[in-house]
Amino acid sequence: MSFMKMTASTLAIAAVSATAAAARDNVQVAGSSTVLPYASIVAELFGENTDYPTPVVESGGSSAGLKRFCEGVGENTIDVANASRAIREKEIKACADNGVTDIIEVRIGYDGIVFASQQSGPEFTAFEPTDIFNAIGATVLKDGELVENTHESWAEFNSELPDAEIAMFIPGTKHGTREVFEEKVLLVGCEETGAMQAMLDSGMSEDEAEDACLDVRQDGKSVDIDGDYTETLARIDANTNGIGVFGLAFYENNTDKLKVATMSGIAPSTDTIASGEYPVSRPLFFYVKKAHIGVIPGLKEYAQFFVADEIAGPGGPLSNYGLVADPELAATQSAVEAEETMGSGS
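Residues numbered from 1 in each chain as written. Predicted model: local features only at pLDDT ≥ 70, side-chain atom pairs only at ≥ 80, totals over all residues. Heavy atoms only, no water.

What about helix α8 (residues 206-214)?
Logical step 1: Regarding α8, the residues found buried are Ala209, Ala212, Cys213 and Leu214.
Logical step 2: On its buried side, α8 packs onto α5 (129-136), α6 (176-193) and α7 (195-201). (Buried < 20%, exposed > 50% of the residue type's maximum accessible area, 1.4 Å probe, protein only. Helix = DSSP H or I, 4+ residues; strand = E, 2+ residues; numbered from the N terminus. Contact = heavy atoms within 4.5 Å.)

Structure follows, in structure tokens:
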């Protein structure tokens, strides 16, 4: 993917004085498949517009990227972890246990999780969280009783949905997208169907009920996808009834193959995500190892370049690809400039 050279102000942000001595001279990045296309665009532009080498960007999922990030400090560890969710406390502890104590959190913008299917498939035009839960929850409420989910067709629990076989392809547990999907769709659906209350009434604790709400059936109706969105797209290509969970940007770049459903009556778009109307959206992040700044040439400059107005702001290449610009981008820019670490304010 090629982009025009950036403006003088952006180049000033990435002023090139790569004087630090290091065993390797390129920034290394891994993590979220949702953030991957944005990071890849930035890496290419950074390589084209500065004297630093193009950063190496890998995928693998938010959890996998953060695990690698927390392995320690040194040239044999990555510098940046991309994540489609905030870093967890247990990950911060794992980092600290391995000497990664100063972490810079960088929010790049927002994205939405969409539900899309084959262009030529059934008309899945509208969903509620209850529909997704009734389709793939392991235990559902039927005739007032908690039962193992044996639903075969969407029309069994919602006559307005197609009488089509349930076939959902959802992000695997190592993906940050899965956490948002669980919290904003499965858990909400479990509550709204009354299943959670029935679980509590049966004697479960709140934690037990929440865990049960997030369990998905294991009979093939719900399939975890551990790879990136291209794998989900391939599954849908092979299954007319398939419904996949994607990031907005991936869907928008594959509208020739996919059609999207509304969630709670709201169509996913940059506008509805920016306004907060679309209910299944989340912030996107990357995390920088402060100990590597000044050691790995171009690391801080890469972070500054990524969140520059010309890159991550409205009308920039990331916005054009589907990223919803962060209204507080200026504050993020200041925090990166000051190398502000998590929990320290400095």
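Once you've had a look at it, read on.
Details of unusual backbone geometry
Logical step 1: Unusually for a residue other than glycine, aspartate 143 sits at a positive phi of about 55 degrees.
Logical step 2: Its place among the elements puts aspartate 143 in the loop between β6 (139-142) and β7 (145-148).
Logical step 3: Phi at serine 264 is positive, roughly 55 degrees, even though this residue is not glycine.
Logical step 4: A relative accessible area of 35% places serine 264 in the partly exposed class.

Details of the confidence of the model for the protein
Logical step 1: Within the protein, residue pLDDT values average 91, and 92% of them lie at 70 or more.
Logical step 2: Residue range residues 8-22 is modelled with pLDDT below 50. Its contacts to residues more than four positions away, or to other chains, number 27 contacts. (pLDDT = per-residue confidence, 0-100.)

Regarding the pattern of salt bridges
Between side chains of opposite charge, pairing is possible as soon as their charged atoms come close.
Logical step 1: Considering all chains together, one arrives at 17 salt bridges under this definition.
Logical step 2: Two residues, glutamate 123 and lysine 259, come together in a salt bridge whose shortest N-O distance is 2.8 Å. You can see glutamate 123 sitting in the loop between β4 (103-118) and β5 (126-127) and its partner lysine 259 sitting in strand β11 (residues 258-260), a full 136 residues away along the chain.
Logical step 3: On the basis of relative accessibility, which here comes to 14%, the residue lysine 259 falls in the buried class. (Salt bridge = Lys/Arg side-chain N within 4 Å of Asp/Glu carboxyl O.)

Topic: the side chain of histidine 175
Logical step 1: Position of histidine 175 relative to the elements: it lies in the loop between β8 (168-171) and α6.
Logical step 2: Overall, histidine 175 belongs to the buried group, its relative accessible area being 5%.
Logical step 3: Not counting chain neighbours up to four residues away, the residues in contact with histidine 175 comprise Ser33, Gly61, Ser62, Ile225, Asp226 and Gly227.

Considerations on the state of the cysteines
Linking two cysteines covalently via their sulfur atoms produces the bond known as a disulfide.
Logical step 1: Per the stated rule, a full pass over the model turns up two disulfides.
Logical step 2: Residue pairing for cysteine 70: its cysteine sulfur links by disulfide to cysteine 95, the two sulfurs lying 1.9 Å apart. Torsion about the S-S bond of the cysteine 70 and cysteine 95 cystine: about -70 degrees, corresponding to left-handed handedness. Taken together, the residues cysteine 70 in the loop between α3 (62-69) and β3 (80-83) and cysteine 95 in helix α4 (residues 89-97) connect sequence positions 25 residues apart. Across the pair, cysteine 95 and cysteine 70 agree in class, each one buried. (Disulfide = S-S within 2.5 Å.)

Description of the nonpolar core
Logical step 1: Phe115, Phe127, Ile132, Ile136 and Trp154 are the most contacted members of the largest nonpolar core, which totals 49 residues.
Logical step 2: The residues touching isoleucine 136, leaving out its near neighbours within four places in the chain, are Asn149, Ile166, Met168, Ile170, Phe181, Leu186, Asp215, Val216, Arg217, Lys221 and Ser222.
Logical step 3: With 34 residues, the next largest nonpolar core counts Ala39, Ile108, Ala249 and Phe306 among its residues. (Core = buried A, V, L, I, M, F, W, Y, C linked by side-chain atoms within 4.5 Å.)

Points about the packing of helix α2 (residues 36-49) against helix α12 (residues 299-306)
Relative orientation and spacing of two packed helices are given, respectively, by the angle between their axes and the distance between those axes.
Logical step 1: Where α2 meets α12, the closest approach of the two axes is 10 Å, and the angle between their N-to-C directions is 115 degrees. For the pair α2 and α12, the sense of crossing is right-handed. Two secondary-structure elements touch here, α2 through Tyr38, Ala39, Val42, Ala43, Leu45, Phe46 and Asn49 and α12 through Glu301, Tyr302, Phe305 and Phe306.
Logical step 2: Each residue belonging to the contact of α2 with α12 can be placed in one class, and the counts come to nine nonpolar, one polar and one charged. (Axes fitted to C-alpha atoms, helices over the stretch in contact; angles between N-to-C directions. Left-handed = near helix turned anticlockwise from the far one by under 90°. Nonpolar A, V, L, I, M, F, W, Y, C, P; charged D, E, K, R; others polar.)

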